[in-house]
Amino acid sequence: MSDNKDNQENKISHKRRDLIKALAAIPVLGAFAFGISRKFGFDEAQRKNILDDLNISTESPFSTVDKMVEGEKIRLGIIGYGIRGKYLMRAAGFAVPSWIDGLKESKTKNPNDTRLDEFKALEDLNIEITAICDVFDAHANDGIAASANYFREGTRGKMGKPAIRYKTYQQLIESKTVDAVIIATPDHLHAPMAIAAAKAGIHVYVEKCMTRTVEETFELEEAVKNSGIIFQLGHQGRQTESYLKAREIIQKNVLGKISLIEVCTNRNDPNGAWQYEIHKDANENTIDWGLFTGNGPKRPFSAERFFRWRCWWDYGTGLSGDLLTHEYDAINQVLELGIPESVVSSGGVYFYKDGREVPDVWQAALEYPKRDLTLLYSATLSSNRNRGKIIMGHDATLEIGENLHVYADTQSTRYGERIAAGIIDPKIPIYSYIPGRKKMDAVTSATEAYFAGRGLLYTYINGRRVDTTFLHIKEWLNGIRSNKQPSCDIEQGFQEAITAHMATISYREGVKVYWDADKRQIIRGEPAKIS
Amino acid sequence: MKINIGLGCFKSILYTILPLLVVSGSCNYFQEKTRLNYYKLGGFTQGTSYQVIFGSNEFISVNFEIDSILQEMTQSLSVYDSASLISRFNANHPNVVPDKYLTDVVKESIKIMELTDGAFDITAAPLIDFWGFGKTGYGKKDTSKLVKIRRNVGHKKIWLENGKLYKANPEIKINLNAIAQGYTVDILADFLERNNIQNYLVEIGGEIRTRGMNQEGEKWKVGIDRPRQDNPDGIKDIQTIIELGNWSVSTSGNYRKFYIENGNKYTHTINPKTGYPAKNDMLSATIVAKDCATADAIATACMVLGLEKSKSLVQGLKDVEGYFIYSGKRMDDQVFYTPGFEQFIIE
């Protein structure tokens with residue numbers, strides 16, 4: 001044991017220290033923070049309630065859900081009805097009848113299974129799915145079946161008018177049958193589709209990464225701004241309660257000067273590493289391979305490339321566009337960092353040696369000298385070690401995940417006196433926010449906490465779990481009806497896409513990449529010399 | 001012991017009293033309902049997170065002791081700590097004398113290994129390492145190597161005798177990860193009860209034991225995670241909520257590690273007895289039992305056994321109930337729970 005530690009232990013007796021630690025433990029009631037000292041007439045540092053001092057509310061940042069904005073029924077086109085497209089349509093209230101059958105059967109066997117009731121109770125977003133485009137027949141047919149399922153029925157249930165299938169996205173956009181489109185295709189098709197839609201005055205909801213190249217990013221930004229359409233990037237994390245609370249904490253300077261932010265991705269299963277299942281009906285006759293490859297390099301038909309497209313640069317944007325973007329968007333909405341001045345990244349294909357091009361272990365350092373801070377991202381697809389988002393300040397550190405915790409720094413100026421007096425223990429959070437925990441005390445689970453911990457799945461409103469994707473689509477539709485850009489608009493999308501592409505370029509070309517904000521240009525540094 | 005009645009001592013007394021009063025005052029809401037103050041501790045142990053929530057009508061300091069217990073257990077049971085007792089046993093260090101924790105958990109493991117006819121097996125780690133879960137996936141391994149590996153796997157290959165732990169040959173290694181978290185939960189629960197804490201929830205990595213009531217004066221409520229596999233972002237949602245009184249619960253599962261063969265969905269769970277992946281339809285097994293070590297180990301065994309054998313196993317055990325999520329004929333998720341499980345379900 002060091003002398004220093006001995007000294008500390010002499011200052012605060014074991015008994016009192018244990019007491020303080022236990023007191024700093026967190027009573028649980030949805031949201032909670034504790035205040036320790038009150039009006040006992042001691043010195044100033046002990047007098048104030050910490051919560052009052054920090055001025056953070058314990059209330060949920062969502063008091064009510066935004067009400068649906070009234071208006072005409074919106075005619076929606078779905079471009080890409082693969083795994084993500086299917087999920088987005090379900091979030092909007094449209095599912096294939098066979099999926100409903102499964103829920104019904106499950107409910108018959110288990111009356112406590114509430115999934116069917118929850119799906120049927122989804123708020124009606126006042127939309128109709130009028131058009132579907134997917135280059136794989138099986139996906140397109142499923143999309144059509146889901147589009148007709150207005151009444152959320154199973155097989156042989158009452159159906160409505162199905163969507164029309166269009167072979168190409170151009171035909172869909174020109175069909176005059178849609179007011180808005182959801183684009184859930186591979187990354188390399190996002191920009192051409194979104195640009196075409198914007199130019200036709202059709203509102204766009206597009207999945208991230210919104211473009212595959214820097215050039216496309218500028219083109220899409222211009223097209224959206226010139227068109228005046230309502231644009232939403234598919235970052236459902238924007239609807240996550242913890243991020244809104246984190247923003248409040250940062251704005252109130254609870255952390256002091258922030259110098260370093262660490263964010264990460266950890267996954268450890270083939271699905272998480274983009275080895276998606278290859279559909280049994282997939283072949284050259286059922287997939288229009290030419291339409292899939294688009295303007296990219298011409299290659300022989302490959303079902304593997306079609307379903308696992310994220311593994312190749314022709315179609316995807318790797319860890320940068322797929323997963324750094326989630327973390328970046330979370331931090332960007334909290335801190336409004338924008339595009340970094342420079343990025344350096346490195347990594348490799350270290351685990352999934354299946355012929356993929358994109359790295360499965362990868363990290364990027366994003367520098368913000370004007371903000372005096374660095375944003376570090378690191379990822380592996382072969383370890384499930386759960387790490388949170390950590391924002392480090394001189395006075396305190398904020399950890400954001402499903403829950404949110406603030407820890408005082410041992411050398412904090414602001415909290416130094418309280419730490420010295422033993423009122424604050426840096427090992428125990430000075431503030432914790434646990435959304436939606438009013439209903440349950442704990443969860444028994446064997447699944448990875450990755451998605452939920454990153455706010456990608458659901459959030460809580462008044463203690464009730466709500467699908468963030470549903471909220472994100474609803475926000476976009478409300479924006480269309482009220483002519484108001486939603487939370488993840490083209491400006492946010494532009495910042496994110498440029499940042500992601502800077503990181504990708506750095507990795508692929510082995511250079512440091514700079515952003516010239518005045519000229520709005522990406523500048524490549526010199527490759528490092530190897531002596 | 002010398003007592004120093006100086007200013008420092010006076011301040012120390014004030015500091016001791018001060019926070020105690022404030023917490024009592026800050027928990028009036030709970031006091032009105034339960035007359036108890038509730039505290040929560042949390043952190044990381046054994047590669048996962050833990051939380052301890054407890055209610056007490058008088059202040060009891062437990063943090064330091066809980067930290068110590070967790071540290072002791074890591075030094076005994078963790079395969080990630082090369083100096084732990086288990087690591088030294090695996091590395092064939094001479095004179096490894098198991099402590100109470102290692103002895104207890106091995107005893108309990110051997111009992112469950114026999115009870116489940118080897119479906120739960122703490123010697124199975126080399127098999128899991130062999131099959132892995134990478135790009136080559138199921139069916140593409142050089143299975144000729146399995147013969148040698150299987151020689152070192154089996155529930156009769158280790159035994160306790162005269163306070164020492166023995167193995168049949170030096171190649172044998174044990175891994176207690178499928179029971180250690182549950183066992184640790186039990187140890188923490190016992191510690192709380194020894195301190196007259198009658199209302200608590202202890203959780204380590206989703207393995208949970210509760211007693212009494214929560215801070216709202218109700219039975220502790222625990223959500224059972226719902227597995228879904230049909231989108232890349234996965235879905236983490238609650239299948240059902242159960243109310244636990246003085247029970248433990250544990251869930252084992254391979255929700256997203258599955259493969260399709262001839263139109264059937266199978267999980268990637270290795271059957272220690274055959275040495276091959278278990279071809280069964282179980283997606284997750286939630287077990288309620290009086291102690292958490294049993295719940296933890298039985299849940300793991302059920303993932304190997306599949307639905308039908310798990311039903312038989314659980315229904316033949318006293319004070320053990322099961323809630324199974326399995327893949328139906330249309331590859332949709334189905335639920336079966338034992339009749340005795342119904343008492344716990346609230347929604």
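Residues numbered from 1 in each chain as written. Chains lettered and ligands numbered in written order. Predicted model: local features only at pLDDT ≥ 70, side-chain atom pairs only at ≥ 80, totals over all residues. Heavy atoms only, no water.

Caption draft 1: Highlighting the overall build of chain A. Along its length, chain A carries 19 helices and 20 strands. Within chain A, residue pairs in contact and separated by at least 24 positions form 72% of the contacts whose partners lie at least 6 positions apart. As displayed, chain A offers around 21500 Å² of accessible surface, 49% of which is attributable to carbon and sulfur atoms. (Helix = DSSP H or I, 4+ residues; strand = E, 2+ residues; numbered from the N terminus. Contact = heavy atoms within 4.5 Å. Areas by Shrake-Rupley, 256 points an atom, 1.4 Å probe, with all protein chains shown as cover.)

Caption draft 2: Expanded view of the pattern of salt bridges. Residues and elements named next belong to chain A. Per the stated rule, a full pass over the model turns up 33 salt bridges over all chains. Residue Glu-123 is joined to Lys-474 by a salt bridge in which the shortest nitrogen-to-oxygen separation is 2.9 Å. Linking Glu-123 in the loop between helix 7 (115-120) and strand 3 (127-133) with Lys-474 in helix 18 (residues 468-482), this pair joins segments that are 351 residues apart in sequence. Of the charged contacts in the structure, one is a salt bridge between Arg-165 and Asp-137, with a shortest N-O distance of 3.0 Å. With a gap of 28 residues between them, Arg-165 in strand 4 (residues 164-165) and Asp-137 in helix 8 (residues 137-147) connect regions that are remote in the sequence. Assessed through its relative accessible area of 33%, Arg-165 is described here as partly exposed. By relative accessible area, Asp-137 is classed as partly exposed at 27%. Residues participating in the shared-partner salt-bridge network are Lys-208, Arg-310 and Asp-322. (Salt bridge = Lys/Arg side-chain N within 4 Å of Asp/Glu carboxyl O. Buried < 20%, exposed > 50% of the residue type's maximum accessible area, 1.4 Å probe, protein only.)

Caption draft 3: Looking closely at the packing of aromatic side chains. All names here are of chain A. Within the structure shown, the criterion is met by 26 aromatic pairs over all chains. Measuring from centroid to centroid gives 5.7 Å for Phe-136 and Phe-307, while their planes differ by 90°, and the two rings are edge-to-face. With Phe-136 in the loop between strand 3 and helix 8 and Phe-307 in helix 14 (residues 303-307), this pair connects stretches of sequence that are 171 residues apart. The pair Phe-136 / Phe-307 is uniform in exposure class, with both members buried. Both rings, one in Phe-306 and one in Phe-307, keep their centres 4.9 Å apart while their planes meet at 85°; by these two values the pair is edge-to-face. A relative accessible area of 9% means that Phe-307 is categorised as buried. (Phe/Tyr/Trp six-rings, centres within 6.5 Å; stacked < 30°, edge-to-face > 60°.)

Caption draft 4: Structural view of the pairing of strand 11 (residues 373-380) of chain A. Residues and elements named next belong to chain A. In terms of burial, strand 11 is largely enclosed, as six of its eight residues are buried. Bridging between strand 8 (residues 258-266) and strand 11 involves seven bridges; their strand directions are parallel. By the bridge assignment for strand 11, Asn-266 is matched with Thr-380. Where strand 10 (residues 361-368) folds back on strand 11, the antiparallel hairpin that results is connected by four residues, among which Asp-372 adopts a positive phi of roughly 55°. (Pairing = 2+ DSSP bridges.)

Caption draft 5: Structural context of the pairing of strand 14 (residues 404-408) of chain A. All names here are of chain A. Taking burial as the measure, the five residues of strand 14 include four buried ones, the bulk of the element. Of the strand pairs in this sheet, strand 13 (residues 396-400) and strand 14 are connected by five bridges, and their pairing is antiparallel. Opposite Glu-399, over in strand 14, you have His-405 as the bridge partner.

Caption draft 6: Structural view of the confidence of the model for chain A. Residues and elements named next belong to chain A. Chain-level pLDDT for chain A is 83 on average; 80% of the residues reach the 70-or-more range. Counting contacts from residues 1-49, a segment whose pLDDT is below 50, to residues more than four positions away or on other chains yields 113 contacts. Long-range and interchain partners of residues 447-464, a stretch whose pLDDT sits below 50, account for 76 contacts in this model, where long-range means more than four residues apart. (pLDDT = per-residue confidence, 0-100.)

Caption draft 7: Structural detail: the confidence of the model for chain B. Residues and elements named next belong to chain B. Mean pLDDT for chain B: 78, with 76% of residues reaching 70 or above. The least confident element of chain B is helix 1 (residues 7-26), whose mean pLDDT is 28; the most confident is strand 6 (residues 207-211), at 95. Here residues 1-34 is modelled with pLDDT under 50, and outside its nearest four sequence neighbours on either side it reaches 44 contacts, counting other chains as well. A low-confidence stretch, residues 133-139 stays under pLDDT 50, and its non-local contacts, those more than four residues away or across chains, total 19 contacts. Listed scores for the predicted complex are pTM 0.59 and ipTM 0.76.

Caption draft 8: Layout of the sheet that holds strand 2 (residues 74-79) of chain A. Residues and elements named next belong to chain A. One open sheet holds the six strands; their spatial order is 4-3-2-5-6-7, and the pairing between them is parallel. Two strands in the sheet have a free side with no partner beyond their single neighbour: strand 4 and strand 7 (231-233). Relative to strand 6 (residues 203-206), strand 5 (residues 180-183) runs parallel, the two sharing four bridges. Pairing of Ile-183 across the sheet is with Val-206, part of strand 6.

Caption draft 9: Here's a closer look at the nonpolar core. Residues Leu-255, Ile-261, Leu-335, Leu-375, Ile-391, Leu-398 and Val-406 of chain A are the most contacted members of the largest nonpolar core, which totals 71 residues. Tallying contributions element by element places helix 15 (residues 318-335) of chain A first for this core, with eight residues. Setting aside residues up to four positions removed in sequence, Ile-391 of chain A forms contacts with Ile-250, Leu-255, Ile-258, Leu-260, Ile-261, Ile-331, Leu-335, Ala-396, Thr-397, Leu-398 and Ile-400 of chain A. Grouped together as the second largest cluster of nonpolar side chains are 64 residues, Phe-191, Tyr-200, Ile-298 and Cys-302 of chain B included. (Core = buried A, V, L, I, M, F, W, Y, C linked by side-chain atoms within 4.5 Å.)

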